[in-house]
Structures are given as C-alpha cells and as structure tokens.
Amino acid sequence: MTPPRKRLTKKQRALEILARLKQMYPDAVCSLDYETPVQLLVATILSAQCTDERVNKVTPELFRRFPDAAALANADLEDIIERVRSTGFYRNKAKNIQGACRLIMTEFGGQVPQTMEELLKLPGVARKTANVVLAHAFGINAGVTVDTHVKRLTHRLGLTQEEDPVKIERDLMKLLPQPDWENWSIRLIYHGRAVCNARRPLCDRCLFTDLCPSVDRSLLPVVSTSLPIASAMTLEDNFRVSETLSLPPK
Ligand code: SF4
C-alpha cells in the first residue's frame, strides 16, 4: 500500500525546492560579464528587456572605451547611445547609465554605493538592479532579485499570488534564508531557461513534479495510477536529466 504523502507547508516546499536547485545547478553564477562594480551596474541596467547574451556582446567595447564611472560620466551621450543601441530602449538606458555614473562621482566618491537605500537614488536603478549589484559585486544579500524568470517560476511553484515584483520579493524573503536570497534567483533563472520556460514548460524533465501545483501531468510518464507523482520520475532521474541539459542563454 502506498504511504500517504506528507503535506508540506509553503515554506517547507520553498526550502525543498532550494535544496534541489543547489544540487541541480551547483555552479550557477551571474551570467553578465563585468570586472568592477560599476561595470556590473551598467551591464545590469542594459539587461532590462534584453538578453544577457546580447549585453555581453555590447559591453566589452563599451567598457574598453569607457572603463569606469568617471569616463561614463564625462562621455558624449551620443557615443554611449550608439554603443548600447542593440540592447533596446537604448536612449533611456544610456541616459540612466550616464546619470548614475555622474551621481556616483558627485555623491559617492566615484564608488558604487553598498546600501539599497543609496543605490535606489541612482537613475535607472530599482530593487532588481540593486539586488544584483549588492549580491554579486559586494556579497550582500539585501533582497531577492525578481526578474521575469523568477516571477514566472515563483507563480508556477505556488509560492506567491502577487504580481508586483516588490511584493513577490517580500513573499520570497519570508520563505527563504537570507544567505540564499540571491543564489535562489540565479538558480531559478537557470531552471527557467533550461526546463520551465515561458511557452512550454518541460515538466517531464523537471525535478519539482512532486512540489509544483502547476505540473502538467499529461507530460509525465504513466507508471501506475496508484503511485504519487513523485514516483513518476525519481530525484536520481531528474538530476541525470539536468546534468545532460545544456543551459540556453536568457
Ligand atoms: S513541474 Fe512543470 S510547471 Fe512546475 S516548475 Fe517544473 S517545469 Fe515548471
């Protein structure tokens, strides 16, 4: 007889998902290329509504010409615009990059500030960008980065009902340990690209079939109607699948 499945709380599910994400994507890192906090800030501003792959094609030349906040603050705006054109919304992004760098020079001694409150004063910087910069440039977990992948997966996994990224972030901060706030986002982004993509989630390759209220059961192998979903694909199977998946760019 099949033992009854233990009903997990939302927090327990979140922690179980986090543990599995760590095993599936042990080496997940920020996929933007940068060498300094200023460069990470600029790359993150450029990544809005754009793929990291595209940003990484644009930034080497941009950073060769304008390597730091002082150079970007004093640049000819049209020069920046031309170099970031292919990332979309290029005029606004260029203005924000220059505005942020000017404020960094005048208010913060040429250094990217290291608090959420100060970062939010920079043009073009909302919580998502600030979280990325604080976590990856300074190792500070001030919040949970909520991008389009994190929003979609957090919804599908039933961890929030909210639509507003700030409220989604607040929900996730209650569910996850602070040291894992940023690595949760990075790993969930990997999973969103590789398995739970926007148009066609590959539930038959997913590690979370037993934890996800959105699982498409029609995609799962039929093993026995008397078995719980978790048995349709073992964790070992899932790890094997994840190891063989190539991670496409955002
Ligand atoms: S079970 Fe399906 S919907 Fe749920 S996280 Fe996995 S791929 Fe996405």
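Residues numbered from 1 in each chain as written. Predicted model: local features only at pLDDT ≥ 70, side-chain atom pairs only at ≥ 80, totals over all residues.

A.B. asks: I tried to follow the overall build of the protein chain on my own but got confused; where do I start?
C.D. replies: Across its full length, the protein chain holds 12 helices and 0 strands. Each helix (α) and strand (β) of the protein chain, taken in turn from the N terminus, gives the series α-α-α-α-α-α-α-α-α-α-α-α. Counting across all 250 residues of the protein chain, residues that qualify as buried make up 37%. (Helix = DSSP H or I, 4+ residues; strand = E, 2+ residues; numbered from the N terminus. Buried ≥ 20, exposed ≤ 12 C-beta atoms within 10 Å, placed from the backbone.)

A.B. asks: Sorry if this is basic, but what is going on with the nonpolar core here?
C.D. replies: Formed by 32 residues in total, the largest nonpolar core has its most connected members in Leu-41, Val-42, Ala-43, Ile-97, Ala-100 and Val-133. Those elements that place two or more of their residues in this core are α2 (37-46), α3 (52-65), α4 (69-73), α5 (77-84), α6 (90-107) and α8 (127-138). Excluding its chain neighbours within four sequence positions, the residues that come into contact with Ala-100 are Leu-41, Leu-122, Pro-123, Gly-124 and Val-125. In terms of nonpolar packing, the next biggest core, distinct from the first, is built from 28 residues, Leu-21, Tyr-190, Val-195 and Cys-206 among them. (Core = buried A, V, L, I, M, F, W, Y, C linked by C-beta atoms within 7 Å. Contact = placed C-beta atoms within 7 Å.)

A.B. asks: Which parts of the structure should I look at to understand the site of the ligand?
C.D. replies: In the vicinity of the ligand lie 14 residues, with Cys-196, Pro-201, Cys-203, Cys-206 and Cys-212 positioned nearest. In terms of residue class, the shell around the ligand is built from 10 nonpolar, 2 polar and 2 charged. (Near = placed C-beta within 6 Å. Nonpolar A, V, L, I, M, F, W, Y, C, P; charged D, E, K, R; others polar.)

A.B. asks: So what exactly am I meant to see when it comes to the packing of helix α9 (residues 148-156) against helix α11 (residues 181-194) here?
C.D. replies: Think of two packed helices as two axes; the pair is described by the angle between the axes and how far apart they sit. As a packed pair, α9 and α11 sit with axes 9 Å apart at the nearest point and diverge in direction by 80°. As far as their axial angle goes, α11 and α9 are roughly perpendicular. Note on element contacts: α11 touches α9 through Ser-185, Leu-188, Ile-189, His-191, Gly-192 and Arg-193, opposite His-149, Val-150, Arg-152 and Leu-153. Looking at the contact of α9 with α11, its residues break down into 4 nonpolar, 4 polar and 2 charged. (Axes fitted to C-alpha atoms, helices over the stretch in contact; angles between N-to-C directions. Parallel < 35°, antiparallel > 145°, perpendicular 65-115°, else oblique.)

A.B. asks: In this structure, what is going on with unusual backbone geometry? I would like to understand it.
C.D. replies: Across the chain, the bulk of peptide bonds are trans and the bulk of non-glycine residues have phi less than zero. A positive phi is found at Gln-49, a non-glycine position, where the angle reads about 55°. With respect to the secondary-structure elements, Gln-49 resides in the loop between α2 and α3. For Gln-49, a count of 10 C-beta atoms within 10 Å puts it in the exposed group. Despite not being glycine, Phe-89 shows a phi value in the positive range, around 45°. Structurally, Phe-89 is set in the loop between α5 and α6.

A.B. asks: I'm lost on the environment of Ala-194 in this one. Help?
C.D. replies: With respect to the helices, strands and loops of the structure, Ala-194 is situated in helix α11. Measuring from C-alpha to C-alpha, the distance between Ala-194 and Arg-205 comes to 9.5 Å, with 11 residues separating the pair along the chain.

A.B. asks: I'm lost on α5 in this one. Help?
C.D. replies: Because an α-helix packs 3.6 residues into every turn, residues spaced three or four apart end up facing the same way. The set of residues buried in α5 consists of Ile-80, Arg-83 and Val-84. The buried residues of α5 all sit within an arc of 90° when viewed along its axis, so they share a single face. Contacts made by the buried residues of α5 are with α2, α3, α4 and α6. (Arc of directions from axis to C-beta.)

A.B. asks: Help me out: how do you make sense of the environment of Pro-165 in this one?
C.D. replies: When you line up the elements, Pro-165 lands in helix α10 (residues 165-175). Classification of Pro-165 as partly exposed rests on a count of 19 C-beta atoms within 10 Å. Linking Pro-165 and Val-150, residues 15 residues apart in sequence, is a C-alpha distance of 9.3 Å.

A.B. asks: Looking at this model, I keep getting lost on α10. Mind explaining?
C.D. replies: Inspection of α10 places Ile-168, Glu-169, Leu-172 and Leu-175 among the buried residues, and these make up the whole buried set. Along the axis of α10, the buried positions cluster into a sector of 120°, meaning they face one direction only. Residues of α10 that are exposed and point more than 90 degrees away from the buried face comprise Val-166 and Lys-174. The inward-facing, buried residues of α10 abut α1 (10-24), α8 and α9.

A.B. asks: Would you take a moment to explain the environment of Arg-156 for this structure?
C.D. replies: Mapped onto the elements, Arg-156 comes out in helix α9. It is 6.9 Å that separates the C-alpha atoms of Arg-156 and Cys-212, two residues lying 56 residues apart in sequence. The residues contacting Arg-156, other than those within four sequence positions of it, are Cys-196, Cys-212 and Ser-214.

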